[in-house]
Protein chains: 2
Amino acid sequence: MSKSTQKSKIDRTGDRFELTRGSHARETAEDYVEAIARLIEEKGTCRGVDLAKLFQVTQVTVSKTLSRLQSEGLVDYEPYGPISLTKSGATMASYARERHEVVLEFLRSIGVSEEIAQVDAEGIEHHVSPETLEAFRTIARRKGTC
Amino acid sequence: MSKSTQKSKIDRTGDRFELTRGSHARETAEDYVEAIARLIEEKGTCRGVDLAKLFQVTQVTVSKTLSRLQSEGLVDYEPYGPISLTKSGATMASYARERHEVVLEFLRSIGVSEEIAQVDAEGIEHHVSPETLEAFRTIARRKGTC
DNA sequence: TGACAAGTTTAGCGTAGGCTAAGTTTGCGT
DNA sequence: ACGCAAACTTAGCCTACGCTAAACTTGTCA
């Protein structure tokens, strides 16, 4: 393949300065900010160890991920300190949470068992477009009336 | 943290010998075998360049992924040769395809537009448990009758 | 107050999946 | 029969996300 055809299919100029790049990394960011928001709400504070337990990974992994999220302007914390969300992190968290709730409620409404709904919602939520989310919302609202 | 508490939360003994490990890697495998099956069916043959076009990645990425999938016993090919599926790859492809079709048909049935349904189905399909899939199937079947 | 445990970070490694640049193979057309 | 373009691979780099081992911080309590 001669040069021009092998070149990148997607323009990534300036990619290094974006908030979150790859889709997998974006999902991780969403999961983290959502979890941090929930932990702060529930326990008043969020520490790395809480996230490690939640995601079933080591604290090392959490530490590295948090430092990436901080450099992306989503979370804020000082070394050895508690974790909080930036404004942009909080915004992302609230979107993520709303979407999560809708997907979960939707799965319940179509008769999926609670445990499976919990698991599948985690996986599905990151892949639901606004249009599909709206359709889910409508169905969940109709629960039982159909 | 003292030794025993920091150790792995999940038993990964023998992990190195499993077919597909991480969930991300499993998704990639499913996408590839599904695409390979479809290409062979549609054009009679499948080449790396076809997959590169389809997934919008370079042929280099395709080449490396294929070699991993071959080492995992899902695809079969010789250097510079056409790509085929092993029995186990074909089995995975047919499961993946069935699931993809159900998810897509389901999204259409709840009123999601064709293009969005296509995109979301790609993302969602890997995260749908058998139970949820069955619920989707039921709803898609009821299309229009409710 | 000072030792210890819990929490956190750093160092270093591995896999998966991206990329570019550069080299190899193949097959087709003149 | 041979040259060239397309297809493919190799080499080398990067990020994300896992891990263990080891070092560092912090707060608590005897």
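The coordinates are above.
Residues numbered from 1 in each chain as written. Chains lettered and ligands numbered in written order. Predicted model: local features only at pLDDT ≥ 70, side-chain atom pairs only at ≥ 80, totals over all residues.

**Student:** Even after reading the chapter, I still don't get the overall build of chain A, so can you show me in this structure?
**Tutor:** When you go through chain A residue by residue, the secondary structure sums to 6 helices and 2 strands. When the elements of chain A are put in sequence order from the N terminus, they spell out α-α-α-β-β-α-α-α. Within the span of chain A, comprising 146 residues, buried residues form 28% of the whole. Long-range contacts, defined as pairs at least 24 residues apart, comprise 50% of the intrachain contacts of chain A with a sequence gap of at least 6. (Helix = DSSP H or I, 4+ residues; strand = E, 2+ residues; numbered from the N terminus. Buried ≥ 20, exposed ≤ 12 C-beta atoms within 10 Å, placed from the backbone. Contact = placed C-beta atoms within 7 Å.)

**Student:** What is the right way to read the relation of the copies chain A and chain B from this model?
**Tutor:** One copy of the chain maps onto the other through a rotation about an axis followed by a shift along the same axis. Under the fitted operation, chain A is carried onto chain B by 0.0 Å of movement along the axis and a turn of 180°, and the coordinates agree to an RMSD of 0.0 Å. In the structure described here, the two chain copies are related by an operation that fits a two-fold rotation axis. Taking C-alpha positions as reference, the residue of chain A nearest the rotation axis is A:Ile124, located at 2.7 Å. When the interface residues of chain A are mapped onto chain B, 96% of them again fall at the interface, so both copies present the same face. (Least-squares fit on C-alpha atoms with pLDDT ≥ 70 in both.)

**Student:** I keep staring at the interface of chain A and chain B and nothing clicks. Help me out?
**Tutor:** When the parts of a complex come together, some accessible area is lost, and that lost area is often taken as the interface size. Between chain A and chain B, the residue contacts involve 25 residues of the former and 25 residues of the latter. If one sorts the elements of the side of chain A that touches chain B by residue count, helix α5 (residues 114–124) of chain A sits on top with 5 residues. Classifying every residue of the side of chain A that touches chain B by side-chain character gives 12 nonpolar, 10 polar and 3 charged. (Nonpolar A, V, L, I, M, F, W, Y, C, P; charged D, E, K, R; others polar.)

**Student:** How do you make sense of the packing of helix α1 (residues 23–43) of chain B against helix α4 (residues 87–109) of chain B when you look at a structure like this?
**Tutor:** In a packed pair of helices, the relevant descriptors are the angle between the two axes and the axis-to-axis distance. All names here are of chain B. The contact between α1 and α4 brings their axes to 8 Å, and the two run at 95°. Put simply, α1 runs roughly perpendicular to α4. Residue-level contacts link Ala29, Glu30, Val33, Glu34, Ile36 and Ala37 of α1 to Gly89, Ala90, Met92, Ala93, Ala96, Arg97 and His100 of α4. Tallied by class, the residues present in the contact of α1 with α4 amount to 8 nonpolar, 2 polar and 3 charged. (Axes fitted to C-alpha atoms, helices over the stretch in contact; angles between N-to-C directions. Parallel < 35°, antiparallel > 145°, perpendicular 65-115°, else oblique.)

**Student:** Can you help me understand unusual backbone geometry in this one?
**Tutor:** Peptide bonds are mostly trans, and most non-glycine residues show a negative phi. All names here are of chain A. Positive phi outside glycine occurs at tyrosine 80, with the angle close to 70°. Secondary-structure assignment places tyrosine 80 in the loop between β1 (75–76) and β2 (84–85). Overall, tyrosine 80 belongs to the exposed group, with 7 C-beta atoms counted inside 10 Å.

**Student:** Just checking my understanding: could you explain helix α3 (residues 59–71) of chain A for this structure?
**Tutor:** Owing to its 3.6 residues per turn, the α-helix aligns residues three or four sequence positions apart on the same side. Residue and element names in this part refer to chain A. When the terminal C-alpha atoms of α3 are compared, their 18 Å separation across 13 residues agrees well with the 18 Å that a helix rising 1.5 Å per residue should span. All of the buried residues along α3 are Val62, Thr65, Leu66 and Leu69. Mapping the buried residues of α3 onto a view down its axis gives an arc of 105°, with all of them on the same face. Exposed and oriented more than 90 degrees from the buried face of α3 are Val60, Lys64 and Ser71. Of the surrounding secondary structure, the elements contacted by the buried residues of α3 are α1 (23–43), α2 (48–55) and β1. Directly after α3, the chain includes glycine 73, whose backbone phi takes a positive value near 75°. (Expected span 1.5 Å × (residues − 1). Arc of directions from axis to C-beta.)

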